[in-house]
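# Commentary on secondary and tertiary structure
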Amino acid sequence: MGLFGKKRGDSPGYEDNAALDGFGGYQPSDSPGYTPEPAAEPTPEPQQPAKQPMSRSGRRAMYGFFATLGVIAVATLANNSDNSSDNSAPTSRKPSVYTPSPQVVSPPSIEGWQSVTGGDGTYAYDVPPGWTPKPGTVHGWEKSAAVPGSTMSTSAFFGDGFCPQERSSKLAGSGVRSEKTADPAAAALKAASDLAVSAYSPDEGPLATFTVSPAQKTEIPLANGEKVPASIVLLDVVPVRSNVCISQRAVVGALAFASGDKSLTMLVYSDQDRPGIADREQILKILKTYRGVPAADRKTITPPPSTLR
């Protein structure tokens, strides 16, 4: 579909640049916003970011709010305030410099791929070349009367703007979240099915359909070197098509492992009838890169400042 394809004129997709700490994601609430949950041991207790509003779109699509826009708006207001007392005076705006916050990065586990590092560097996964890692971005689909909604942190995307009719269209994406069950197989199935019907169905239905492949067993390496059992589920999805940006076929994959009384999950989803997509084998390969990052492999960088004019 571009999973984020929408009817022309709909509001843009959700992309919230507030990152979530902890080894995993969070559990979104039913209210317009999300409430991060702390990660389970062995990772440190996370700090909870401020809640951000979720806007409603006309069809199932990503909904967006960029934290960095607040910085830009403040800078613009500051520049305009000096001229507000005299409208007749010529205006002159000085360029503003925005300095991004420090970011923890880690090396990829697959040569030539890119690492997407989250939780203050405590966990990471890899995406292929051509994908765009956005570890500070939260994205997802709102809950409605018909669909359960799905929200993820530590995101990455592929095929941005592939559909000319929809600027926010994307071919594929990934992220992490948590589920309120300690059964990894059940958590993987719930996370994958919630995303499948939320991303590929209209707001009020009808719902996309999917078939589920048998759960696969694997292991996740933690930062301390231990390994924990995990489950992987793949769904073949038939979206509800309402415009040319929506795919005829898609695959959603989820990996989950138990952490206390919940499970931490990673999701990958992709169109299957477009050029350069992630097929089932590549989705499975991406999921299996999810890992804890030893402290020795973490590095803090500060992205270069940018000038806002």
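Structure report, in brief. (Residues numbered from 1 in each chain as written. Predicted model: local features only at pLDDT ≥ 70, side-chain atom pairs only at ≥ 80, totals over all residues. Heavy atoms only, no water.)

## Comments concerning the pairing of strand 4 (residues 114-118)
Side-chain direction in a regular strand flips from residue to residue, so the side chains alternate between the two faces of the sheet. Of all 5 residues making up strand 4, 4 are buried, and the element is well covered by its neighbours. Sheet topology places strand 4 next to strand 5 (residues 123-127); 5 bridges connect them, and they run antiparallel. Its bridge partner being in strand 5, Thr117 is matched across the sheet by Ala124. Taking the residues that link successive antiparallel strands as the turn, the strand 4-strand 5 hairpin has 4 residues, and the phi of Gly119 there is positive, at about 60°. (Buried < 20%, exposed > 50% of the residue type's maximum accessible area, 1.4 Å probe, protein only. Helix = DSSP H or I, 4+ residues; strand = E, 2+ residues; numbered from the N terminus. Pairing = 2+ DSSP bridges.)

## Section: the state of the cysteines
If you walk through the whole model with that rule in mind, you get 1 disulfide. Across the disulfide from Cys163 sits Cys245; the S-S distance is 2.1 Å. With the S-S bond torsion at -75°, the cross-link from Cys163 to Cys245 turns out left-handed. With a gap of 82 residues between them, Cys163 in the loop between strand 8 (150-158) and strand 9 (172-179) and Cys245 in the loop between strand 12 (227-238) and strand 13 (250-259) connect regions that are remote in the sequence. For Cys245, a relative accessible area of 2% gives the class buried. (Disulfide = S-S within 2.5 Å.)

## Describing helix 3 (residues 280-287)
Among all positions in helix 3, only Ile283, Leu284, Ile286 and Leu287 are buried. Down the axis of helix 3, the buried side of the element spans an arc of 160°, and every buried residue falls inside it. Check the buried side of helix 3 and you find it contacts strand 5, strand 11 (216-221), strand 12, strand 13 and strand 14 (262-271). (Arc of directions from axis to C-beta. Contact = heavy atoms within 4.5 Å.)

## Observations concerning the packing of aromatic side chains
According to the stated counting rule, one finds 4 aromatic pairs in the structure shown. Pairing Trp131 with Phe158 gives two aromatic rings, centres 6.0 Å apart and planes at 25°, and the pair type is stacked. Linking Trp131 in the loop between strand 5 and strand 6 (132-134) with Phe158 in strand 8, this pair joins segments that are 27 residues apart in sequence. By the burial criterion, Trp131 is buried, and Phe158 matches it. Between Trp141 and Tyr269 the ring centres are 5.5 Å apart and the planes differ by 75°, which places this aromatic pair in the edge-to-face class. Residue Trp141 is located in strand 7 (residues 138-141), and its partner Tyr269 is located in strand 14; the two are separated by 128 residues in the primary sequence. The same class applies to Trp141 as to Tyr269, namely buried. Ring-pair connections join several aromatic residues into one group, and the members of that group are Tyr123, Phe257 and Tyr290. Its end group placed over the ring of Phe157, Lys170 keeps NZ or CZ at 5.3 Å from the ring centre. (Phe/Tyr/Trp six-rings, centres within 6.5 Å; stacked < 30°, edge-to-face > 60°. Lys NZ or Arg CZ within 6 Å of the ring centre and 35° of its normal.)

None of this, on its own, says anything about what the molecule does.
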